[in-house]
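What follows is each chain in one-letter form.
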Amino acid sequence: MESQSKKDFPLFALLALALVTLIVMMTEVLPAGLLPEISQSLAVSEGLSGQLVTAYALGSVLTAIPLSIYTKKINRKRLLVSLIILFLLFNSLVVFSPWFSLTLIARFICGIASGSIWGMIASYALRMVTNGALKGRGIAIASLGTPIALSFGVPLGTYIGSTFQWRFAFGLMSILCVIVLIWIIVKIPDFEAQKENKHASFKGILTIKGVIPFLCVVFIWMFAHNVIYTYIAPYLSQYGVAKQLSIILFVFGLASVIGIWLMGMLIDRHLQVLALSCLVIFAAVSLIFILLHDAKWLVYICVILWGLSMGGVPTLLQTALARTVGEHKLDIAMPICTTSWNIAITLAGISGGYMVESWSVNALPLVSLALLFITFIMIIFLKKSPFKANKNMTSS
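Values in this document were obtained by computation on a predicted structure and should not be read as measured data.

## Focus: the overall build of the protein
Okay, so step 1: A tally of regular secondary structure across the protein gives 19 helices and 0 strands.
Okay, so step 2: Classification of the 396 residues of the protein by burial places 55% in the buried group.
Okay, so step 3: Accessible surface computed for the protein: about 16,700 Å², of which carbon and sulfur atoms make up 71%.

Structure follows, in structure tokens:
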């Protein structure tokens, strides 16, 4: 019985995927806490060293979809191992690179590998979990590395950079790559490449009913989140807590971990209710931000609620997409979702910057609230909403 349970829900293998997502997200966010050290070491400005984050994101946005199509005939384990090796090699290159330009190229290639990994990780988790009633929980476990990285990534990178040397942080990522490579090779099962069918293409995925509305939900929801989150430092300055930013982000990350745990427990039975609940909680936070500007203690309450509502959102969206397209088409569908997600982040950053400079930081939660309302209405009333799909995911 215990052996069958492990087969239905292979927790140890899913935790390996969680370590993969942690490495991918940590690699992305590490430079944010190391900009002064990186700029001094590579003899560039902090503004220019910040482009190491941009290069990573750009690599993912530009290549996620074409690479998913190009690699769809490669067996999943071989592809995952190859992508982790890319992370190992180019994080190691960052450790030893004496030039900013070479470091920038290494970051871009890591971003390419990142886009491919995000495109396949949910599908891999779904295929490993044979119990249809636990598939959403499997995605939640595999995604656990994201909130953990957001909780500890920037603080850890800042600590290592100030205590030792910024390159040590990327060296740690290389060590974790070696560990997860061994873990994957020993414990994770292999799966055949995606079978050809009429929907297993970029255009075919977009013709599946419910996919276009889903991508709109992803874009609007992520825009609503990032238009505030990207400019959280200038926004919180009016509360007099800007110097506590690292603590606030840490609290947000911890709340996100709890959020993803709750999502994993409930998602297989209450997908739409969870989606609407997350939106309502985030909308309440935005409304409090709009109305109140003089209560420091409210900041922490809002951040906790915000983290709880956002922590499980990646799992929620991946599950909704899987129910819409079928798990054997998820290898193509997820990169499209990832691209929509990253475009929203990019445009939210640009738009939020314009609002902060031309209007006021108080415009940010107002815009967010309006977008959350639109998302709420879409999830309720769209006839082909992915959040109303059948209970258990299929391999259609």
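## Focus on the packing of aromatic side chains
Okay, so step 1: Evaluated as defined, the whole model comprises 7 aromatic pairs.
Okay, so step 2: Considering the side-chain rings of F164 and F168, the 6.1 Å spacing of their centres and the 5 degrees angle between planes classify their relative orientation as stacked. Each member of the pair, F164 as well as F168, carries the same accessibility label: exposed.
Okay, so step 3: Taking the centre distance of 5.6 Å and the plane angle of 15 degrees together, the rings of F282 and W306 count as stacked. Note that F282 is positioned in helix α15 (residues 271–291) and W306 in helix α16 (residues 296–311), a separation of 24 residues in sequence. Of the two residues, F282 and W306, both sit in the buried class.
Okay, so step 4: An aromatic cluster is defined as three or more aromatic residues linked by ring pairs; in this entry it consists of F252, F282, F289 and W306.

## Concerning helix α10 (residues 166–187)
Okay, so step 1: In this model α10 runs 32 Å from its N-terminal to its C-terminal C-alpha over 22 residues, within 8% of the 32 Å that 1.5 Å per residue would give.
Okay, so step 2: Looking at where α10 begins, the residue whose side-chain oxygen comes 2.8 Å from the main-chain nitrogen of R167 is Q165.

## Focus on the environment of P335
Okay, so step 1: Looking at the element boundaries, P335 is found in helix α18 (residues 330–358).
Okay, so step 2: For P335, a relative accessible area of 1% puts it in the buried group.
Okay, so step 3: In sequence terms P335 and L67 are 268 residues apart; their C-alpha atoms lie 8.8 Å from each other.

Cut-offs used in this document
Residues numbered from 1 in each chain as written. Predicted model: local features only at pLDDT ≥ 70, side-chain atom pairs only at ≥ 80, totals over all residues. Heavy atoms only, no water. Helix = DSSP H or I, 4+ residues; strand = E, 2+ residues; numbered from the N terminus. Buried < 20%, exposed > 50% of the residue type's maximum accessible area, 1.4 Å probe, protein only. Areas by Shrake-Rupley, 256 points an atom, 1.4 Å probe, with all protein chains shown as cover. Phe/Tyr/Trp six-rings, centres within 6.5 Å; stacked < 30°, edge-to-face > 60°. Expected span 1.5 Å × (residues − 1). Polar contact = N/O pair within 3.5 Å; in protein donor to acceptor, adjacent residues only side chain to side chain.

That's the geometry; what it means functionally is another story.
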